[in-house]
Structures are given as C-alpha cells and as structure tokens.
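# Architecture at a glance
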Amino acid sequence: EAGVAQSPRYKIIEKRQSVAFWCNPISGHATLYWYQQILGQGPKLLIQFQNNGVVDDSQLPKDRFSAERLKGVDSTLKIQPAKLEDSAVYLCASSPGGGWYEQYFGPGTRLTVT
Amino acid sequence: SQQGEEDPQALSIQEGENATMNCSYKTSINNLQWYRQNSGRGLVHLILIRSNEREKHSGRLRVTLDTSKKSSSLLITASRAADTASYFCATDEVISDYKLSFGAGTTVTVRA
C-alpha cells in the first residue's frame, strides 16, 4: 500500500514570497490533515478535511494560509506572503475517518523562510 | 494550545534497558495515541488506547491510561538503538470533534 506522498521535501524562500505544498493521501482515506511542526515542538493541526469539506480550520492563519482539497483526494496548502515564523515542517496525514483512527503521515516538507 | 504534556523531555538509556515516559492531559478524551518520530521514517503511529481501556500491549510496547488522573504512560521494554526517536502522545478530546492534539514529545536516546 502506497503511503502519503508530499512534495516538495524541502523549500527555501524569502519572506513575503509565496509557497505551495502538495499532498496525496492514502487511497480511500476520507480524512486529510495538514500540520505545522516547529523545531522542538509537537505537530499543530492547521486544517482537517473530511472528503472535500473543511471540518476544522480554527488554527489556520487565514490571512496568509489557504488550503483546498479538490475532489476529495489531493490537497494543497499555500502560504502567501510567508513570514520568518512560518519556518517549520509541514506534515500531511490521512486516516479512514476522524479521531477514532490512527493517522498516517507523509514525510513532510521542510520550509525555511529567510 | 497543546493538550498533552510529556515527561521527561529527554531520556538517555543503555541498550537493553526499559524506557518509560508519561503524558498528562487536561480535558476528557475519547482516546489517546502514541506516535514515534525519527529522521528516517517520519511520524509513525504506535498504539491507540480508548478511554474505556486501562492497558494495551503491542510487541515491546505497553501503554497504560488512567482517566481519573488524566495521564498515560508508554513503556518500551528491552530497548534497541532503533528505538532512538521522539515519542509524542496525542489526545482526541471529547469536545474537539475528533481532532488530535499533540504534546511536545519525549526525546529518547538509546546508547549502544
């Protein structure tokens, strides 16, 4: 079974630039998550999709972050404009359902904002 | 805000020894999960324990849950170098509509 795919793996941008991350979940998984993990901390949920609808985006900084999940499969997360404090690893995860299920994580995208 | 807090923040043990780490949380939960993260394999699910369960085993892992104390522990027996990683507890709060909140993690180093 193929795991969660993410790209790119690494990205370096200057502040005020924009960046986009892509995620392809495990086939058949209805729920998709985007997390931000700052060095030395645990992952923080940014947004949760159930199929192509948003379940929770309460911790997404909506003035600069946006996310979409087209046709309930792939998802993209965009930051525009980026700030220095956005430097982190962005993790995508998927699960068959909500919190009752384990989540399967992708390898992450390490973003450095200079 | 983070729901779970792991203790200790860091742990160094000799290969073959047991490692124990604890997780405390603040509000009622549906379930609690433990994950491991290392540079080679990313974040991987280890075990899920439901709020009505008190203990669960998986291979060399033993997890306990005490809902009255709002705490959980993860025991790794007969540790190996490959167990070197950060371990996170993640809680699914009753009020949170089934989203997971991760703690800051315990970093475990297993010395050969």
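Report on the accompanying structure. (Residues numbered from 1 in each chain as written. Chains lettered and ligands numbered in written order. Predicted model: local features only at pLDDT ≥ 70, side-chain atom pairs only at ≥ 80, totals over all residues. Heavy atoms only, no water.)

Across its full length, chain A holds zero helices and 11 strands. Its helices and strands taken in sequence order, chain A reads β-β-β-β-β-β-β-β-β-β-β from the N to the C terminus. Relative to the compact-globule value of 13 Å for 114 residues, chain A shows a C-alpha radius of gyration of 13 Å, a close match. Based on the C-alpha atoms only, the size of chain A along its principal axes is roughly 35 × 25 × 25 Å. Buried positions account for 46% of the 114 residues belonging to chain A. Residue pairs at least 24 apart in sequence account for 53% of intrachain contacts in chain A once pairs closer than 6 positions are excluded. Accessible area for chain A stands at about 5,600 Å²; split by element, carbon and sulfur atoms hold 50% of it. Side-chain charges in chain A split into 12 positive and 10 negative, and the spacing between the mean points of these groups amounts to 6 Å. (Helix = DSSP H or I, 4+ residues; strand = E, 2+ residues; numbered from the N terminus. Rg over C-alpha atoms; globule rule 2.2 N^0.38 Å. Buried < 20%, exposed > 50% of the residue type's maximum accessible area, 1.4 Å probe, protein only. Contact = heavy atoms within 4.5 Å. Areas by Shrake-Rupley, 256 points an atom, 1.4 Å probe, with all protein chains shown as cover. Lys, Arg positive; Asp, Glu negative; His and termini not counted. Charge placed at Lys NZ, Arg CZ, Asp CG, Glu CD.)

Bringing the interface of chain A and chain B into the picture now. Counting residues at the interface gives 20 residues for chain A and 20 residues for chain B. Summed over the shared surface of chain A and chain B, the result is one salt bridge. Among the secondary structure elements, those contributing two or more residues to the side of chain A that touches chain B are β4 (31-37), β5 (44-50) and β6 (53-56) of chain A. Split by residue class, the side of chain A that touches chain B holds eight nonpolar, 10 polar and two charged. (Salt bridge = Lys/Arg side-chain N within 4 Å of Asp/Glu carboxyl O. Nonpolar A, V, L, I, M, F, W, Y, C, P; charged D, E, K, R; others polar.)

Attention now moves to the state of the cysteines. The final tally for this structure, using the stated rule, is two disulfides over all chains. Residue pairing for C23(A): its cysteine sulfur links by disulfide to C92(A), the two sulfurs lying 1.9 Å apart. Since a negative S-S torsion denotes a left-handed disulfide, the C23(A)-C92(A) link at about -70° is left-handed. Placement of the pair is C23(A) in strand β3 (residues 19-24) and C92(A) in strand β9 (residues 88-95), with a sequence separation of 69 residues. C92(A) sits in the buried class, given a relative accessible area of 0%. Covalent S-S linkage joins C23(B) and C89(B), the inter-sulfur distance amounting to 2.0 Å. Of note, the bridge from C23(B) to C89(B) carries an S-S torsion of about 60° and is right-handed in sense. Residue C23(B) is found in strand β3 (residues 19-24), and its partner C89(B) is found in strand β9 (residues 85-93); the two are separated by 66 residues along the sequence. (Disulfide = S-S within 2.5 Å.)

On to the sheet that holds strand β6 (residues 55-58) of chain B. All names here are of chain B. Taken together, the five strands give an open sheet; going across it, the order is β1-β3-β8-β7-β6, and neighbouring strands pair in antiparallel fashion. Lying at the two open borders of the sheet, with one neighbouring strand each, are β1 (5-7) and β6. When strand polarity is set aside, the average angle formed by the axes of neighbouring strands in this sheet is 20°. The pairing of β3 with strand β8 (residues 71-76) spans six bridges and is classified as antiparallel. Bridged to A19 within β8 is I76. (Pairing = 2+ DSSP bridges. Axes fitted to C-alpha atoms, helices over the stretch in contact; angles between N-to-C directions.)

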